[in-house]
Amino acid sequence: MTTSEASNTGSGSSGIWNLPNILTMLRIVLVPFFVWFLLADNSHHGIWRWAAVLAFAAAIYTDKLDGDIARSRNLITNFGKIADPIADKLLIGSALVLLSALGELPWWITILILVREWGITALRFVVIRYGVMPASRGGKLKTVIQTVAIFIYILPLDSFAPWLVIVAFWVMIVALAITVWTGVEYVIEAIKLRTAGSRA
């Protein structure tokens with residue numbers, strides 16, 4: 001979608017206050033609840049751990065729902081293009097940091113993913129004067145794989161199925177590889193946007 005097409009698409013919506021954007025804001029609101037639930041659990045098998053799983057699942061569902069509604073009702077806005085990936089990064093970033101702080105995920109994985117995620121977010125703002133960089137297919141795949149890995153990690157089932165820890169680790173490694181690869185793609189896209197904007 002070109003910048004002009006995105007503007008035309010957004011102009012037909014109700015601005016920021018449309019349903020997809022409200023769902024994105026709801027996802028952001030769910031993040032502190034998810035954090036609190038995960039930290040409140042001491043046994044790794046208690047009710048708070050399950051509450052964290054439900055909060056994470058609800059937040060992820062709003063991510064799918066807001067995208068489906070935005071596309072089906074022609075409610076894609078530039079605000080949504082920016083806020084949606086930020087909401088994803090807040091949720092996934094907080095989950096990664098907490099899992100590492102709890103000793104369940106190696107810190108080097110969390111650091112590499114966060115450097116890439118927030119670096120690309122900063123890059124989006126740097127080049128926004130030249131155009132908006134929407135999430136690519138690879139970026140969406142990366143988010144899906146990261147989400148699956150985190151979901152497996154936070155499930156309080158390791159005492160019943162210890163093999164899940166191994167599965168979660170290798171799914172996260174795949175997510176890390178896609179994260180780095182798509183980060184390089186976004187850098188290339190940003191360079192193209194800036195070059196095209198400078199020539200205009």
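Details of the structure are given in the entry above.
How each quantity is defined
Position numbers for residues start from 1 in each chain and track the written sequence from start to end. Where totals are concerned, whole chains, interfaces and linings use all residues; where local detail is concerned, this predicted model gives features only for residues with pLDDT of at least 70, and gives and counts side-chain atom pairs only at 80 or more. Only hydrogens and water are set aside when side-chain values are computed; all heavy atoms of the structure are taken into account. A side-chain nitrogen of Lys or Arg and a carboxyl oxygen of Asp or Glu constitute a salt bridge if their distance falls within 4 Å. Burial status follows relative accessibility: with a 1.4 Å probe on protein chains alone, a residue under 20% of its type maximum counts as buried, one over 50% as exposed, and anything between as partly exposed. Helix and strand assignments follow DSSP, with helices taken as H or I runs no shorter than four residues and strands as E runs no shorter than two, numbered in order from the N terminus. Nitrogen and oxygen atoms within 3.5 Å of one another constitute a polar contact, given that in protein one can donate a hydrogen and the other can accept it, and given that sequence-neighbouring residues count only through two side-chain atoms. Contacts between residues were defined by any pair of non-hydrogen atoms, one from each residue, lying within 4.5 Å. Between 30 and 60 degrees the pair is tilted, below 30 it is stacked and above 60 it is edge-to-face, where a pair is any two Phe, Tyr or Trp rings, Trp via its six-membered ring, whose centres lie within 6.5 Å.

> Can you tell me about the pattern of salt bridges, naming the residues and giving the values?
Overall, the coordinates contain five salt bridges when judged by the stated rule. Among the ionic pairs, Arg116 bridges to Glu117, the shortest N-O distance being 3.0 Å. By the burial criterion, Arg116 is buried, and Glu117 matches it. Residue Lys142 is joined to Glu117 by a salt bridge in which the shortest nitrogen-to-oxygen separation is 3.0 Å. Residue Lys142 is located in helix α6 (residues 137-154), and its partner Glu117 is located in helix α5 (residues 107-126); the two are separated by 25 residues in the primary sequence. For the pair shown, Lys142 and Glu117 are each scored as buried.

> Quick rundown of the side chain of Lys142? Include the residues and the values.
Among the residues examined, Lys142 registers a relative accessible area of 4% and is labelled buried. A distance of 3.0 Å separates the side chain of Lys142 from the side chain of Glu117, its partner in a polar contact. Apart from the residues lying within four places of it in its own chain, the contact partners of Lys142 are Lys89, Arg116, Glu117, Ala175, Ile178, Thr179 and Thr182.

> An account of the packing of aromatic side chains is requested, with residue identities and associated values reported.
Taken as a whole and assessed by the stated rule, the structure comprises five aromatic pairs. Note on Trp36 and Phe37: the rings are 5.7 Å apart at their centroids and 65° apart in plane angle, and the pair reads as edge-to-face. For Trp36, a relative accessible area of 49% translates into the label partly exposed. Overall, the relative accessible area of 17% leaves Phe37 in the buried class. When the centroid spacing of 4.9 Å and the interplanar angle of 80° are considered together, the rings of Trp36 and Trp48 count as edge-to-face. Remark: Trp48 occurs in helix α3 (residues 47-72) and Trp36 occurs in helix α2 (residues 19-40); sequence separation between them is 12 residues. Take Trp48: its relative accessible area is 36%, and that puts it in the partly exposed class. What links up through ring pairs into an aromatic cluster is the set Trp36, Phe37 and Trp48.

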